[in-house]
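# Commentary on secondary and tertiary structure
Here is what each chain is made of, one letter per residue.
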Amino acid sequence: MMRSWGTVAAIVVAAGMAGFAGTVDGENIGAGGSGEAQKFALPAVTLSPAARVGRELFFDTSLSASGRMSCATCHDPRFAYGPPNDRAVQLGGPALSDAGTRAVPSLRYQEYTPPYADLLDNPDGISTPGPGGGFTWDGRSPTLADQAQIPLLAPNEMANRSRADVVRKIRRGSQAREFGEAFGASVFENVNTAFSKALEALQAFQKEDPSFHPYNSKYDLRASNKIGGTFTEAEMRGFAVYNDPKRGNCFACHYNGAGLNGSVRLFTDYTYAAIGVPRNMEIPANRNARHFDLGVCGRTDHPGRANERFCGLFKTPTLRNVATRKVFFHNGKMKSLAEAIRFYNTRDTNPELWYPVVDGIVRKFDDVPAAYRHNIDGQAPLDGRAAGSQPPMSAQDMADLEVFLNTLNDDYHAPPPSLAGLMLKRH
Ligand code: HEC
Ligand code: HEC
């Protein structure tokens, strides 16, 4: 049976709190299918056959070498399809003991992302075209379908040995019949065809299922003038900080206006910037002092000196649901939203708070090789002001900004309006 999204959103939140809720009112809300998906109590919605298969695949732990890892292990719907824990990087591979190299991004609000281009038009219509678009922190995947093959085959993630390995598991698994119905009975005859259909299915699920783009935050209520969307004083002040070129200036990159392809308020302009997040020694790969994650210029299609202007650049992520995260930035170095905001405010005025100090000298930008530090972005609040000078935001500004960013969390439930409030409105 179908439920309206409003009711279902409430159930999802409740399920998230309780940790697990497979049924409500004795009724199954997993929307058909008998797989792992039900554990996460996704709302019942009408999906295309491909997307229905994609939902099964997304939650299917048998598609991993360990038998214990699915897409949802790292991209947990209860955390806006981001990581469920505060690990900088997750453990995967056959024994779930091989560390990743980057923090897990949220999969929400990815559906408008265009493929990467060195000169993508900026949605603000003012900025000059520059590197933008694409999936992963460095943009190397042009589509959601293309992206899905990375975790399926990565030795430190789901660690399947080959495409054939994945297809064999699907063919023997619980979705085999549904897969055949969606893509034709002969789909399994060719490994490459079957594999690419699996990727298409995962993409269709992410594009079609409203749980990936609910647009039901307090911010959305306010933007569409709905009841419950009235900002508090603190939220208003925080929004002003966000939009003030001299204080937060967050909107300059986490752009909240009309975006590309008819999108709105995505809180990213898909651009890439080097902001010099400190090196994170929690990531095992970083124990090798010569190893650097160079972002866009670390891609195989952007290698070497000719591409040095792309070194150190990472994608500007959406800030929707950012307050639900426990790790921040491409290397998961920051562990709270307040800390991430403080970094923006004091990276330049108090670099000793963020980078190692050796023999009294601050090793600023310790995760960007010296040869590429000229790529570090100079926009406010990271405008390169002198150490010891006044930071752009006051303590109050930072607190307000954090309060504002919390309005970007989905599944917001307005408190019931008080009688007094209603009376006031009538007069
Ligand atoms: C072991 C944890 C893990 C698993 C399992 C995993 N992912 Fe990811 N995912 C990541 C990480 C880490 C990144 C960032 C990768 C990078 O930047 O190179 C990512 C990035 C992505 C992105 C790009 C998001 C963006 O902001 O550009 C998509 C889409 C995605 N994953 C989908 C999937 C799908 C579909 C599956 C299952 C087939 C999956 N992931 C399984 C960890 C995981
Ligand atoms: C010059 C462009 C730019 C500006 C201005 C900017 N950001 Fe960012 N933001 C980025 C980029 C690029 C990243 C990813 C950097 C990385 O991981 O190395 C990022 C990442 C983040 C993250 C981590 C999100 C996640 O999913 O891990 C937060 C939080 C954030 N920004 C908040 C803000 C706030 C708040 C402001 C305003 C005070 C702001 N940003 C201003 C470009 C910008």
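Residues numbered from 1 in each chain as written. Chains lettered and ligands numbered in written order. Predicted model: local features only at pLDDT ≥ 70, side-chain atom pairs only at ≥ 80, totals over all residues.

In the neighbourhood of ligand 2, 26 residues make up the surrounding shell, with Cys250, Cys253, Phe314, Phe329 and His330 lying closest. Each residue belonging to the shell around ligand 2 can be placed in one class, and the counts come to 18 nonpolar, 6 polar and 2 charged. (Near = placed C-beta within 6 Å. Nonpolar A, V, L, I, M, F, W, Y, C, P; charged D, E, K, R; others polar.)

In the predicted model, the chain carries a mean pLDDT of 90, and 89% of its residues have values of at least 70. Here residues 1-34 is a poorly scored stretch, pLDDT under 50, and it has 48 contacts once near neighbours within four places are set aside; other chains count. (pLDDT = per-residue confidence, 0-100. Contact = placed C-beta atoms within 7 Å.)

Here we come to the nonpolar core. Grouped together as the largest cluster of nonpolar side chains are 86 residues, with contacts concentrated most on Ala198, Ala201 and Leu202. By residue number, the principal contributor to this core is helix H7 (residues 191-208), which donates 8 residues. Three or more residues apiece are contributed to this core by two domains, here domain 1 (44-102 + 142-212) and domain 2 (232-406). Excluding anything up to four places from it in sequence, Leu202 contacts Gly54, Leu57, Phe58, Ala145 and Ala148. (Core = buried A, V, L, I, M, F, W, Y, C linked by C-beta atoms within 7 Å. Buried ≥ 20, exposed ≤ 12 C-beta atoms within 10 Å, placed from the backbone. Helix = DSSP H or I, 4+ residues; strand = E, 2+ residues; numbered from the N terminus. Domains from an automatic or database assignment.)

Our next topic: the site of ligand 1. Close to ligand 1 lie 25 residues; Cys71, Cys74, Thr136, Trp137 and Pro151 are nearest. Elements with a contribution of two residues or more to the shell around ligand 1: helix H3 (71-74) and helix H4 (144-153). For the shell around ligand 1, the element with the most residues is H4, which contributes 5 residues. Taken together, the residues of the shell around ligand 1 break down into 14 nonpolar, 8 polar and 3 charged.

This paragraph deals with helix H11 (residues 395-406). When the terminal C-alpha atoms of H11 are compared, their 17 Å separation across 12 residues agrees well with the 16 Å that a helix rising 1.5 Å per residue should span. For H11, the full list of buried residues reads Asp397, Met398, Asp400, Leu401, Val403, Phe404, Leu405 and Asn406. Buried residues along H11 sit against helix H9 (233-243) and helix H10 (337-346). (Expected span 1.5 Å × (residues − 1).)

This part covers the environment of Phe329. Structurally, Phe329 can be placed in the loop between strand S8 (314-315) and H10. Separated by 52 residues in sequence, Phe329 and Val277 place their C-alpha atoms 7.4 Å apart. Those residues in contact with Phe329, other than ones at most four positions away along the chain, are Ala103, Val277 and Met334.

The next thing to look at is helix H5 (residues 163-172). Since the α-helix advances by 3.6 residues per turn, residues separated by three or four positions end up pointing in the same direction. What H5 keeps buried is the set Val166, Val167, Lys169 and Ile170. Axial view of H5: buried residues confined to an arc of 160 degrees, hence all on one face. Elements that come into contact with the buried residues of H5 comprise H4, helix H6 (176-183) and H7. (Arc of directions from axis to C-beta.)

Contact pair H4 / H7: the axes reach a minimum separation of 8 Å and the direction vectors enclose 115 degrees. When you trace H4 past H7, the crossing you get is right-handed. Facing Leu144, Ala145, Ala148 and Gln149 of H4, the residues of H7 in contact are Leu199, Glu200, Leu202, Gln203, Gln206 and Lys207. When the residues that make up the contact of H4 with H7 are grouped by side-chain class, the tally is 5 nonpolar, 3 polar and 2 charged. (Axes fitted to C-alpha atoms, helices over the stretch in contact; angles between N-to-C directions. Left-handed = near helix turned anticlockwise from the far one by under 90°.)

The subject of this paragraph is unusual backbone geometry. Looking along the chain, the bond that leaves Ala380 and enters Pro381 is cis, with omega of 5 degrees. For Pro381, the position within the fold is in the loop between strand S10 (361-362) and H11. Phi at Asn249 is positive, roughly 55 degrees, even though this residue is not glycine.

So, on to the environment of Phe231. Examined against the element boundaries, Phe231 turns out to sit in the loop between helix H8 (218-223) and H9. Through-space distance from the C-alpha of Phe231 to that of Thr407 is 8.6 Å; in sequence the pair is 176 residues apart. With residues near it in sequence (within four places) discarded, Phe231 still touches Arg222, Met236, Phe239 and Thr407.

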